[in-house]
Amino acid sequence: MTSPVHVPVMVAEVLGFLRPERGGRFIDATVGFGAHAEALLSASPGVELLGIDRDDQALDAAAVRLERFGARVHLFRNVYSQMTSCVREVGWDRVDGVLLDLGVSSPQLDDARRGFSLRFDGPLDMRMDRAGRITAATLLNRESEEELTRIFREYGEEPQARRLARAVVRRRRERPWERTREFAEFAAAVLGRDRRSGLPRATRVFQALRIALNNELQELREVLDPCVELIRPGGRIVAISFHSLEDRIVKHFFRNRARGCTCPEWFPECRCGKKPTLKILTRRPLRPGPAEEARNRRARPARLRAAEKIGPA
Ligand SMILES: C[S@@+](CC[C@H](N)C(=O)[O-])C[C@H]1O[C@@H](n2cnc3c(N)ncnc32)[C@H](O)[C@@H]1O
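Residues numbered from 1 in each chain as written. Predicted model: local features only at pLDDT ≥ 70, side-chain atom pairs only at ≥ 80, totals over all residues.

Peer 1: Before we go on, may I ask you to explain the sheet that holds strand β1 (residues 24–28) in this structure?
Peer 2: The strands making up a sheet are joined through hydrogen bonds of the backbone, oriented either antiparallel or parallel. Strands sit in the order β3-β2-β1-β4-β5-β7-β6 across an open sheet of seven strands; the sheet is mixed. Each of the sheet's edge strands pairs with one partner strand only, and the pair in question is β3 (73–77) and β6 (278–280). The sheet shows a mean angle of 15° between the axes of neighbouring strands, taken without regard to direction. Looking at chain direction, β6 and strand β7 (residues 303–309) are connected through three bridges and run antiparallel. For lysine 279, the partnering residue across the bridge sits in β7 and is glutamate 308. (Pairing = 2+ DSSP bridges. Helix = DSSP H or I, 4+ residues; strand = E, 2+ residues; numbered from the N terminus. Axes fitted to C-alpha atoms, helices over the stretch in contact; angles between N-to-C directions.)

This is the structure in structure tokens:
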């Protein structure tokens, strides 16, 4: 069943860090169904927003939702790693803040035809950008046992990655992979349940396929430098992650940018000249409060990190 509703995560915290009530130019790099964007734009008539998403359905929905804000909104169908060219296209120079609300939205997950969820039967698709030619089924049917092992291990942190990859390759010799349910049941039978969480381990394997297919971690690594370059000093970046692989990338990036000189201690003076460019605003990632977790089950894994750009204007 499809549902057009996406409940945005940690809205109060996002607004608290980005401070849109003062007006300014913001990039919503994952505009999705436009819920965070609407909150930012509603905070002040002085807010302008540039929204990016690689999913055409999401972008169409965002365009309808944000229509009333007229010329204050600029929407781009693109990957967020191309953010700088979008900013140049609208003629902006610096921005006051960037929001990255990573992963997939509820309408994407709940639409069986998109193949993102192991809860519904549908084609093994998982493309965020439906113009892409490769689907999750293509990966399962074509990739080598080694590559599938890497995907399940690296992106799903699955200890039995090799066993699953071998079984996947053996099974596809009889019949190609096509449907989410057959793959979910197969993976669950091979892997069983996670002893700690009690969740079927197939959940993480689904996540692994999605991450690999959409090149999600590489996209995230590539967008963080441009974010900092585009933000004016005093402006802020807020990133909401939904699994530890994303959160780790954001954490290390913030730490690295918040650190000054990296010369060995025994150097008499700094030779690297590195200056901090970010001040970390969240020593630990913020999590949704109990009320939000109770209201929105999908908010539970969310981890929010924020940082402020420092340096000469
Ligand atoms: C969690 S949803 C964002 C929901 C949004 N904040 C809202 O309030 O409706 C994440 C969105 O990011 C998009 N997305 C993920 N990776 C992307 C990328 N590399 N470039 C552009 N969009 C991406 C997905 O298509 C999805 O619509």
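Here the narrative resumes, following the displayed structure.
Peer 1: Explanation requested: the packing of helix α1 (residues 11–18) against helix α2 (residues 35–42) in the structure shown.
Peer 2: Their axes nearest at 11 Å, the elements α1 and α2 cross at an angle of 45°. Classified by the angle their axes make, α1 and α2 are oblique. Of the two possible hands of crossing, α1 and α2 adopt the one that is right-handed. Each of Val11, Val14, Leu15 and Leu18 in α1 lies in contact with α2, whose residues at this interface are His36, Ala39 and Leu40. In terms of residue class, the contact of α1 with α2 is built from six nonpolar, one polar and no charged. (Parallel < 35°, antiparallel > 145°, perpendicular 65-115°, else oblique. Left-handed = near helix turned anticlockwise from the far one by under 90°. Contact = placed C-beta atoms within 7 Å. Nonpolar A, V, L, I, M, F, W, Y, C, P; charged D, E, K, R; others polar.)

Peer 1: What is the right way to read the site of the ligand from this model?
Peer 2: Of all residues adjacent to the ligand, which total 21 residues, the nearest are Thr30, Gly32, Ala35, Asp55 and Glu219. Put simply, the parts of the chain that give the shell around the ligand at least two residues each are α2 and β2 (47–53). When its residues are assigned to classes, the shell around the ligand shows nine nonpolar, seven polar and five charged. (Near = placed C-beta within 6 Å.)

Peer 1: Hey, could you run me through the nonpolar core in this one?
Peer 2: As a rule of thumb, nonpolar side chains are buried together in soluble globular proteins. The biggest cluster of nonpolar side chains holds 53 residues, and the ones touching the most others in it are Ala29, Ala62, Met83, Val98 and Val238. Residues in contact with methionine 83, not counting those within four places in the same chain, are Ile27, Ala29, Ile52, Val223, Pro226 and Leu230. Formed by 29 residues, the second largest nonpolar core is a distinct cluster that contains Leu139, Leu191, Phe206 and Leu213. (Core = buried A, V, L, I, M, F, W, Y, C linked by C-beta atoms within 7 Å. Buried ≥ 20, exposed ≤ 12 C-beta atoms within 10 Å, placed from the backbone.)

Peer 1: In this structure, what is going on with the pairing of β2? I would like to understand it.
Peer 2: The side chains of a regular strand alternate, first on one face of the sheet and then on the other. Counted residue by residue, β2 has six buried out of seven residues, so it is predominantly covered. Summarising the sheet, β2 and β3 pair through five bridges and their orientation is parallel. When the sheet's bridge partners are listed, glycine 51 is paired in β3 with leucine 75. Between the parallel elements β2 and β3, the chain passes through helix α3 (residues 56–65) in a crossover that is right-handed. (Right-handed = clockwise from strand over helix to strand, strands pointing away.)

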